[in-house]
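Coordinates in review
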Amino acid sequence: MAFILIAYAGGMLTVFSPCILPILPIVIARANRPFLTSTLPMLLAMGCMFAGIAALAAVGGSWAVYANAYGRFAAIALVAVFGVALISPAVAGVLTRPVVALGNRLAQTPAGQDALATTGGSLLLGVATGLLWAPCAGPILGLVLTGAALQGASGQTVLLLAAYAAGAVIQLAIALLAGGRLFAAMKRALPAGEALRRGVGVAVLATAAAIAFGLDTSLLARLSYAGTWNVEQALLDSLDTDHSATAPTMVATSGTTRTFKKDYPVEGEFPSLDGAVHWLNSPPLSPEQLRGKVVLVDFWTYSCINCIRTIPYINAWAEKYKDQGLVVLGVHAPEFAFEKKIDNVKTAVADFRIGFPVAIDNNFKIWRSFRNSYWPALYFIDAQGRIRHHQFGEGGYDKAEKVIQDLLADAGRLKAENDVVRPDAVGAQAAPDLANIRSSETYVGYERAANFASNEPFAEGEPRTYTTGPLHLNDWGLSGDWTVGPERATLTKAGGAVTYRFKARDLHMVLGPGPSGQPVRFQVMVNGKPPGADHGSDTDAEGQGTVTRTRLYQLVRQSGAVTERTFEIRFLDPGAEAFVFTFG
């Protein structure tokens, strides 16, 4: 019940985020209509359509992605007709006689027509708006959607999505009740009442065009919704660990933890470790075998930049406290398909010099037993086998080590010391420059891609030649011959490139050489020139490097002032696979 209320609150908060902007003109266009027969049906249809599409997208696989795409095309066309009809019913008739009646029905109710026609038109417009609405995926919506993807369809998922949509709809309804009065006052104040309607029609047409060409995502990439994000995270934190019941697979980017205190509450018992497909550095372990030890459980995946930056601290704690009763246990839960390959994980464990036990949790069974929600996630377990603390995301290392010290002291195992480790992290493992990051994790596969700005749309799963022109901040594009799949883009001919307009000190990409395993050479350019002193740890000053296996590659590290720049990586051999951009 508590999480349903939190989902409802998240829906209310999304109305105050920039992500409401693309559909706002469509909603405002009905503000001067009767609330019960026009505005309310439209909002209800919008909420129901959003909840249904979101549930299908989370659990329905690729067919749902295609269905939603076709639905969006139809919705854009319907909204465009609505906008034209607002500007001029006569023009709408000239453009398309078969749909002019529909456009007029959506725009106004002729004299003598009953309220049912107005209600039906509003419902249809609400369905179209629901198809086009893409709320900012803050912590609350992220938990609900990814929980559905991991656990499958359920009544709980539908209920949570319905609560989220209801929060947004009710908040919009309240705003429009007040806005309707303002709209009527503006009409009375204008010399011609039609001027206001035509102005709204122009805004609706602009909205349809912006969504059709992806300009709405470019705009939202420039806007911050940190305020609503922080409020949502605070609401989730108020639920303690209960919010993880939805078991989503989100990446935490900065340390989140409960208020630090020495008397740590018992959050639960040490869950089962059954279900790992393989163990590294140790035979299989169980909570019973670890009783009497203080245990730090670290959920991670080897291409996650947030996990990579945490590893130096985890390694240092494992070494420092191993003789005082601390056991560090890594649980590797894959994000991408290539991370399910045991040999890939073995190589990563060796590269990161991880000596503690690692359970390979390809089926997310240990993840579910902990009811976990994040990469990276730390769980602190006392010598009696009880979870006493948790921490999500990178950062907060001093507090985390203090928890370890306190639990060891409670067990009578800690030596007299209060110092904390300061590992010498280099390359991709170095701490991020948070003050200058204006770009965020961006996926290349079509299922989660955002801000894609090539001149050609994705040909999902089919080869296509792409071109890219000038980019705005956080836009990216492909050039050359690529096949874009659900989670990666694969280069089919040598000479293809990926371009990104970014602002951050570090730029990384998860890259692979493809199934053949043949090395793929590449050339990095920054603002059209070799990076020089701004090269990353996986390139030289000329920007040259080689993809030898599937992992995260650091391609840029700005050595001076951090400015907005255009990054390009051009592959000199075919077969390269690109998965995701990350920044630091």
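Refer to the preceding data block for the structure.
Below is a short write-up of the structure. Keep in mind that what you see is a predicted model, and the values were worked out from it rather than measured. (Residues numbered from 1 in each chain as written. Predicted model: local features only at pLDDT ≥ 70, side-chain atom pairs only at ≥ 80, totals over all residues. Heavy atoms only, no water.)

Some remarks on the environment of Asn363
The test is simple: Going along the chain from the N terminus, every DSSP run of H or I of four or more residues is numbered as a helix, and every run of E of two or more is numbered as a strand. For each residue, the accessible area found with a 1.4 Å probe, counting protein chains only, is set against the maximum for its type, and the residue is called buried under 20%, exposed over 50%, and partly exposed in between. Here a residue-residue contact requires only that any non-hydrogen atoms of the pair lie within 4.5 Å.
Relative to the elements of secondary structure, Asn363 occurs in the loop between strand E6 (358-360) and helix H15 (365-369). Asn363 gets classed as partly exposed once you look at its relative accessible area, which sits at 43%. Separated by 30 residues in the primary sequence, Asn363 and Ala333 place their C-alpha atoms 7.9 Å from one another. Excluding residues within four positions of it along the chain, Asn363 makes contact with Val277 and Arg368.

Quick look at helix H13 (residues 305-321)
The periodicity of an α-helix, 3.6 residues per turn, causes residues three or four places apart in sequence to face the same way. For clarity, the threshold we go by: One fewer than the residue count of a helix, multiplied by 1.5 Å, yields its expected span. Bend is the name given here to the angle between axes fitted to two runs of seven residues, the run ending at a residue and the run starting at it.
Over its 17 residues, H13 runs 25 Å from end to end, which matches the ideal 24 Å to within 8%, given 1.5 Å per residue. The sharpest bend along H13 measures roughly 35° and falls at Ile311, with the proline Pro312 sitting one to four residues further on. In terms of burial, H13 is a largely internal element, 14 of the 17 residues being buried.

Comments concerning the sheet that holds strand E8 (residues 377-381)
We apply this condition: Strands were regarded as paired on the criterion that DSSP finds at least two bridges between them. Axis geometry follows a simple rule: fit a line to the C-alpha atoms, using only the stretch in contact for helices, then measure angles between N-to-C directions, giving values from 0 to 180 degrees.
As summarised here, the arrangement of the 7 strands in space is E2-E9-E8-E4-E5-E6-E3, forming an open sheet in which the pairing is mixed. The sheet is open, and its two edges are formed by strand E2 (268-269) and strand E3 (278-280), each paired on a single side. Pairing of strand E4 (residues 294-300) with strand E5 (residues 326-332) involves 7 bridges; the strand directions are parallel. Considered in E5, the bridge of Val297 is made with Leu329. In this fold helix H14 (residues 342-351) packs onto E3, E4, E5 and E6, with an angle of close to 15° to the strand it touches most, E3. Against the sheet, helix H16 (residues 397-410) makes contact with E4, E5, E8 and strand E9 (386-392), and its axis sits at roughly 20° relative to E8, the strand it touches most.

Examining H14
Spelled out, the test is: Taking the helix axis as origin, the arc is that swept by the directions to the C-beta atoms.
All buried positions along H14 are accounted for by Val345, Ala348 and Val349. The arc enclosing the buried residues of H14, seen along the axis, measures out at 100°, which places them on a common side. Relative to its buried face, H14 has exposed residues pointing more than 90 degrees away, namely Asp343 and Ala350. Buried residues in H14 make contact with E3, E4, E5 and E6. Of the residues trailing H14, Arg353 is marked for its positive phi of about 55°.

Digging into the environment of Gly52
With respect to the helices and strands, the residue Gly52 is situated in helix H3 (residues 35-59). The exposure class assigned to Gly52 is partly exposed, which follows from its relative accessible area of 34%. Along the chain, Gly52 and Gly130 lie 78 residues apart, while their C-alpha atoms are 9.3 Å from each other.

Focus on the side chain of Thr539
Put simply, the rule is: Polar contact criterion, stated in full: a pair of N or O atoms within 3.5 Å, where within protein one must be able to donate a hydrogen and the other to accept it, and residues adjacent in sequence count only if both atoms are side-chain atoms.
With respect to the element layout, Thr539 can be found in the loop between strand E16 (520-526) and strand E17 (544-547). Within the structure, Thr539 has its side chain in polar contact with the backbone nitrogen of Gly536 (distance 3.2 Å). Not counting the four nearest positions on each side in its chain, Thr539 is found in contact with Phe522, Val524, Gln544, Gln554 and Leu555.

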